[in-house]
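Architecture at a glance
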Amino acid sequence: MADEVLHDELDRRAEEVAEQVVTWRRHLHQNPELSNREERTARFVAEHLRSLGLDEVRTGIAGHGVVGVLRGGVPGERVVALRADIDALPVPDACGVEFASRVVDRDYPGGPFPVSHACGHDCHTAMLMGAATVLAGVRDRLPGTALFVFQPAEEGPPVDEKGGARVMVEEGAFGDPTPTMAFGLHVTPYPKGYVGYRVGNQYGASCLVRIVIGGRQVHGSSPWQGIDPMPAAGAILVGVGQLYRQVDAFHPVTVSIGHVEDVGRFNIIGETVTLWGTIRCADESDMADVQKRLTVLAENSAAAYGCTATVEHLQDVPPVHNTREWVDAALPTFRRVVGEDRVVETSATLGYDDVSEFIDRYGGLYVMLGVQDATLDGTGRPTPAPGGRGLVPNHNPRFYADDTTLVTGVRLHAHTAYDHLSGVLAP
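Along each chain, residue indices are assigned from 1 in the same order as the chain's sequence is written. pLDDT decides what is reported in this predicted model: residues at 70 or higher carry local features, side-chain atom pairs at 80 or more are listed and counted, and totals for whole chains, interfaces and linings draw on all residues regardless. Computation of side-chain values covers all heavy atoms of the structure but excludes hydrogens and water.

Glancing now at unusual backbone geometry. Cis peptide bonds are those with omega within 30 degrees of zero, and the linkage from Gly111 to Pro112 qualifies with 10°. A run of H or I in DSSP counts as a helix once it spans at least four residues, and a run of E counts as a strand once it spans at least two, with each numbered from the N terminus. Following the sequence through the fold, Pro112 ends up in the loop between strand 4 (104–105) and strand 5 (113–114). The peptide bond linking Asp176 to Pro177 adopts the cis configuration, its omega dihedral lying at 0°. Looking at where Pro177 falls in the secondary structure, it is placed in the loop between helix 4 (165–170) and strand 7 (181–191). Positive phi, normally seen in glycine, also occurs at Asn36, with a value near 70°. For Asn36, the position within the fold is in the loop between helix 1 (2–30) and helix 2 (39–51). The phi torsion at Ala62 lies on the positive side, around 55°, for a residue other than glycine.

Moving on to the pairing of strand 7. Counting buried positions along strand 7 yields eleven of eleven residues, so the element is predominantly enclosed. The pairing of strand 3 (residues 74–85) with strand 7 spans three bridges and is parallel. The partner of Leu82 across the bridge, within strand 7, is Phe183. Where strand 7 lies against strand 18 (residues 364–372), eight bridges are found, and the strand directions are parallel. Each residue of the ladder has a partner; that of Ala182, found in strand 18, is Gly364. Here's how the labels work: a residue is buried when its accessible area is under 20% of the maximum for its type, exposed when over 50%, partly exposed in between, all with a 1.4 Å probe on protein chains only. The pairing criterion is simple: DSSP has to find at least two bridges between the two strands.

Moving on, we get to the sheet that holds strand 12 (residues 253–262). On the basis of which strands lie adjacent, the open sheet formed by four strands has the order 12-14-10-15 and antiparallel pairing. Whereas interior strands pair on both sides, the edge strands pair on one side only; in this sheet they are strand 12 and strand 15 (308–317). Geometrically, the sheet is characterised by an average inter-axis angle of 20° between neighbouring strands, direction not taken into account. Contacts are assigned to residue pairs with any non-hydrogen atoms lying within 4.5 Å of each other. Here an axis means a line fitted to C-alpha atoms, over the contact stretch when the element is a helix, while the angle between two N-to-C directions is reported on a 0 to 180 degree scale. Helix 5 (residues 229–240) rests against strand 10 (205–214), strand 12 and strand 14 (272–281) of the sheet, and its axis sits at about 10° to strand 14. Taken strand by strand, helix 6 (residues 287–304) contacts strand 10, strand 12, strand 14 and strand 15, and its axis lies near 160° from that of strand 15.

A few words now on the nonpolar core. Think of a nonpolar core as a cluster: buried Ala, Val, Leu, Ile, Met, Phe, Trp, Tyr and Cys residues, connected wherever their side-chain atoms sit within 4.5 Å. Among the nonpolar cores identified, the biggest contains 69 residues, and Leu49, Leu135, Phe148, Phe150, Phe334 and Leu365 are the most heavily contacted of them. Ranked by residue count, the leading element in this core is helix 3 (residues 121–136), at ten residues. Grouped together as the second largest cluster of nonpolar side chains are 26 residues, Ala232, Val240, Ile279 and Ala302 included.

Here the focus is the side chain of Gln151. Structurally, Gln151 is set in strand 6 (residues 143–151). At a separation of 3.0 Å, a polar atom in the side chain of Gln151 contacts the side chain of Arg83. Among all residues touching Gln151, those that are not within four sequence positions of it are Arg83, Ala84, Asp85, Ile86, Gly164, Ala165, Met168, Asp354 and Phe358. For the purposes of these results, a polar contact is taken to be a pair of N or O atoms within 3.5 Å, where, inside protein, one atom must be able to donate a hydrogen and its partner to accept one; residues adjacent in sequence count only when each atom of the pair is a side-chain atom.

Structure, rendered in structure tokens:
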């Protein structure tokens, strides 16, 4: 009965802060910052956490990471880490709202870049700020400790910089106290207010790829006097599309080249061409094999055109893995928050998220929160709802999130935290 009363209070407090969460989200959306540059975002978060009278507010972790520590008034040994990522993307904002981003980062390596929250991290940050508010309001009845973890550089820092979840761990963000559970959620093109979960790998393994193709610079009017790296780059791009045929067809992998960078001019055959991309594997054991095959492809394709190729595999991220034990423990909580029929099992995805660094170490799980105008068809796949804004994937300039779903994220964080600290949500 006491738990039911507190659950009701968590919901009431979430409703009270819902309007403020929307305001925070819109402010963050208008003021996005790229990975490892989240200075103003971190300051905004830290100021709010300090206003709640938390026991500690730690800043400057892994660059601009923030951790708020809330020690409950009831004795308890459990520690829940609630995580939100705070960085944005080098993507223009075309979501069509009045609070759309107009930010351009002119100093970021490789830029200038337009900057936007095209992956929903503004939602994650605002929802966790709301959950911190709710839980701080019931701290006298809270057993154990809650950590509010605002992580920078989830999208990956510049290649010559360190950052992200692994660096937060390395810099001791969770040394005192050590979590007994990590939890997070990601907004996604799914029906509003639905929670999607998966037993096994929710997200795949990932690495960043840099391929530098070397030739010999010459004037465009006399290519025979130099070595053109462009044909070699083209051959590698074509070959990448066939790599999937060299691995088990029942183990999904993808290799995508997202950026091509050359050093030349319309009438100059440049010295180098650099290809930037990513490898994703549903099964982490396939990663080394795919990396090797890509290296062989690049080196030999380049050699066929008289060029060289250097391949680097950087920023490896393990898959986000939800165990059956943690999922079974959490499903009653999720169903209480959003309703039995709104908690659904989803298919695997080759997206990545370095929250895996926390979940692998401390246990816990990561789920999806639907935020778009959608319904589920007979096979459980999301389809656009009639008269709505459609389905727009993350990282698309038109990605959007419905503000009315943010309070659901606040409630999910708060209920999950309390249920774990009270011993209800545990394997």
